[in-house]
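# Topology and contacts: notes
Next come the chains, spelled out residue by residue.
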Amino acid sequence: MTATVRNTEALDGTSKAGWERADFVTPADKPPQRLFVPGPTDVHPATLAAQGAPMIGHRSDELESLFGKCSEQLQALYCTEARVFTVAASGSGLQEAAIRNAVGGRVINFVNGAFSQRWHDVSVGCGKEAIAVEVPWCTAVKPEQVEGALQGALADGPVDAITVVHNETSTGAASPIDAIAASVRVVSPETLVLVDAVSSFSGVKLPFDEWGLDLLLTSSQKALAVPPGLAFAAVSDRLMDRAASVPHRGWYFDFLQLDKYRQRSTTPATPAISLMRALSVQLDRIFAEGLEARYARHAFCGQMSREWAVANGFGLMAERGYESDTVTTVENGRGLDIGKLNGFLGSQEMQVANGYGPYGGKAFRIGHMGEVWPSDLERLFAAIEAFASGAGQ
Ligand SMILES: *Cc1c(COP(=O)(O)O)cnc(C)c1O
């Protein structure tokens, strides 16, 4: 098993990725990117327009065929034979669903940033016995840390599940999910592996079955580049078996009920029909680009962003070797005023994100996911360099 640790040689100027800028020709129908924040991301006009179609009844054949088509494409994107749930909620809703369905007893939450902290807060909020394992921000969660924490907790009894965020959007550090899942299987085979891939899914390959995951959740508005309001999770049979014995799963997010309706290509409550239409168009666009091409484009944009930051007097916040391919957290080594920078970028219809929480002003984040192409980054970098050399100040 090889962990998904990045080859950092590229930062030293020797590209190992094997892709050239010329391999990523910006599609003619793609407007220039405006949002370089890590979600919501710009939505392609064709995807946006799909929402304008007239309503259909939610117990209609048309809805069932739309739902069935999207479910099949989502399974392919997840590389799974297992079920993929689609719910009208943002990703945080499925963080809650995961805990309510998978955890009867104890859960360990690995916390290395704001969104993994949220999953811990959600676990506590659901009344579960939740153990937070703090991992320094800007670093990845490592399999050894998971093994150690699990072994320690197992001394007091079983652990129902662990939660880990693949791509910590607050810091730009990506954790090696494949190696983490493999360690859990060795140390505690009955512990379920719950993963949040909200800001990486569809930009980075995350093969659910091959890695033996139990739940992998994401939101529509980040790398998938669909408007906000839908969330998705692949869920294993093991988790479904567990859920059957967990009381008080609630109603809206009860996986047993969702699964019963999913088998008829529908949902228990009214689905977000317009968003499903946008999703359907966007999934067609994703498969037309090709999954491998899409992953390569994101990897290339990540590499470009890191190389640009290092070459231009900035630094990188994320641990070396674990930098995200969908969001780069740039250390503000040149002391730019991020508010003014965004004012300047705004005059050109662009925007980056400030550093998260404690990193406000000390860093800024560049989202390069969804509809971002190398040409978009070139335009952004030129504007940041112009600002840094005095333009707009
Ligand atoms: C954005 C984000 C969330 C929250 O998702 P919502 O769709 O806003 O609820 C959770 N986890 C990660 C890693 C995120 O980037």
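The structure contained in this document is the topic of the report that follows. None of the values given here were measured: they were computed from a predicted structure.

Attention shifts here to the pairing of strand β4 (residues 129–134). Sheet analysis places strand β3 (residues 106–111) next to β4, joined by six bridges and oriented parallel. Residue pairing across strands places N109 opposite A132, the latter belonging to β4.

With 17 residues, helix α9 (residues 273–289) extends 25 Å between its outermost C-alpha atoms, agreeing within 8% with the 24 Å of an ideal straight helix rising 1.5 Å per residue. Of the residues making up α9, those classed as buried are I273, L275, M276, R277, A278, L279, S280, Q282, L283 and I286. The positive-phi residue at the C-terminal boundary of α9 is G290, with phi of around 100°.

Moving on to the site of the ligand. As a matter of local geometry, the ligand sits amid 14 residues, with S90, S92, T169, D196 and K222 nearest to it. Note that an oxygen atom of the ligand is positioned 2.8 Å from one of the backbone N or O atoms of G91. Contact between the ligand and D196: a nitrogen atom at 2.7 Å from a side-chain N or O atom of the residue. Computed on the free molecule, the ligand has an accessible area of 380 Å², of which 91% lies beneath the protein chains in the complex.

Turning our attention to the sheet that holds strand β13 (residues 351–354). Spatially, β1-β13-β14-β12-β11 is the arrangement adopted by the five strands of the open sheet, whose pairing is mixed. One side of each edge strand has no neighbouring strand; the edge strands of this open sheet are β1 (35–36) and β11 (315–316). Where β13 and strand β14 (residues 363–367) come together, two bridges link them in antiparallel fashion. In the sheet register, A353 faces β14, and the bridge partner there is R365.

Turning our eyes to something else, we now look at the nonpolar core. Among the nonpolar cores identified, the biggest contains 51 residues, and I162, L213, L216 and L279 are the most heavily contacted of them. In contact with L279, other than residues within four places in its own chain, are C70, L74, V226, L230 and F232.

Of all the eleven residues making up helix α6 (residues 177–187), eight are buried; the element is thus mostly covered by neighbouring parts of the structure. Residues of α6 that are buried make contact with α5 (143–154), β5 (161–165) and β8 (192–196).

The subject of this paragraph is the packing of helix α3 (residues 91–102) against helix α4 (residues 114–125). Angle between the axes and distance between the axes: these two values describe a pair of packed helices. It is at 9 Å that the axes of α3 and α4 come closest, and there the two elements cross at 50°. Comparing the axis directions of α3 and α4 gives the class oblique. Of the two elements, α3 crosses α4, and the hand of that crossing is right-handed. Where α3 abuts α4, its residues S92, Q95, E96, A98 and I99 lie against F115, R118, W119, V122 and S123. In terms of residue class, the contact of α3 with α4 is built from five nonpolar, three polar and two charged.

This brings us to the sheet that holds β4. The sheet built from seven strands is open, its strands ordered β2-β10-β9-β8-β5-β3-β4 with mixed pairing. Of all strands in the sheet, those bounded by a partner on one side alone are β2 (83–88) and β4. Between one strand axis and the next, the sheet turns through 20° on average, direction left out of account. Of the pairings in the sheet, the one linking β3 to β5 comprises three bridges and is parallel in character. Opposite N109, over in β5, you have T163 as the bridge partner. Across the face of the sheet, α4 comes into contact with β3, β4, β5, β8 and β9 (215–219) while running at roughly 160° to β3.

Moving on, we get to the pattern of salt bridges. Using the criterion set out here, one finds 19 salt bridges in the structure. One salt bridge connects E371 with R285, and the closest N-O pair in it is separated by 2.7 Å. Placement of E371 in the loop between β14 and α12 (374–388) and of R285 in helix α9 is noted, with a sequence separation of 86 residues between them. By relative accessible area, which is 21% here, R285 ends up partly exposed. When salt bridges with common partners are traced through the structure, they connect R83, D237, D259 and R262 into a single cluster.

Turning to the environment of E134, a few remarks are in order. Structurally, the position occupied by E134 is in strand β4. For the pair E134 and F364, spaced 230 residues apart in sequence, the C-alpha to C-alpha distance is 23 Å. In this view, E134 contacts V111 and Q117; residues no more than four positions away in its chain are not counted.

Definitions and limits used
For every chain, the first residue of the written sequence is number 1, and numbering continues from 1 along that sequence. Whole-chain, interface and lining totals are the exception, using all residues; otherwise, since this is a predicted model, local features are given only for residues with pLDDT of at least 70 and side-chain atom pairs are given and counted only at 80 or more. Heavy atoms from the whole structure form the basis of all side-chain values; hydrogens and water molecules are not counted. If DSSP finds at least two bridges between two strands, the strands pair. Secondary structure is summarised from DSSP: a helix means a run of H or I of at least four residues, a strand means a run of E of at least two, and numbering begins at the N terminus for each. Here, expected helix span is obtained from the residue count minus one, scaled by 1.5 Å. For every residue, the accessible area obtained with a 1.4 Å probe (protein chains only) is divided by the maximum for its type, and the residue is called buried under 20%, exposed over 50%, and partly exposed between those limits. Any residue with a heavy atom positioned within 4 Å of a molecule or strand is treated as near that molecule or strand. In the analysis that follows, any N or O atom pair within 3.5 Å is treated as a polar contact, provided that within protein one partner can donate a hydrogen and the other can accept it, and provided that, for residues neighboring in sequence, both atoms belong to side chains. Residue-level accessible areas treat just the shown protein chains as cover; the underlying method is Shrake-Rupley with a 1.4 Å probe. Buried residues of nine kinds, namely Ala, Val, Leu, Ile, Met, Phe, Trp, Tyr and Cys, make up a nonpolar core once their side-chain atoms join them within 4.5 Å. Working rule for contacts: check all heavy atoms of both residues, and any pair within 4.5 Å makes them a contact. Orientation is described by lines fitted to C-alpha atoms, with helices fitted over the stretch in contact, and by angles between N-to-C directions that extend from 0 to 180 degrees. Each angle gets one of four labels, with under 35 degrees taken as roughly parallel, over 145 as roughly antiparallel, 65 to 115 as roughly perpendicular, and the rest as oblique. Two helices crossing with the near one rotated counterclockwise from the far one by less than a right angle form a left-handed crossing, whereas a clockwise rotation gives a right-handed crossing. Think of it as three bins: nonpolar holds Ala, Val, Leu, Ile, Met, Phe, Trp, Tyr, Cys and Pro, charged holds Asp, Glu, Lys and Arg, and polar takes everything else, Gly as well. What counts as a salt bridge is simple: a side-chain nitrogen of Lys or Arg found within 4 Å of a carboxyl oxygen of Asp or Glu.

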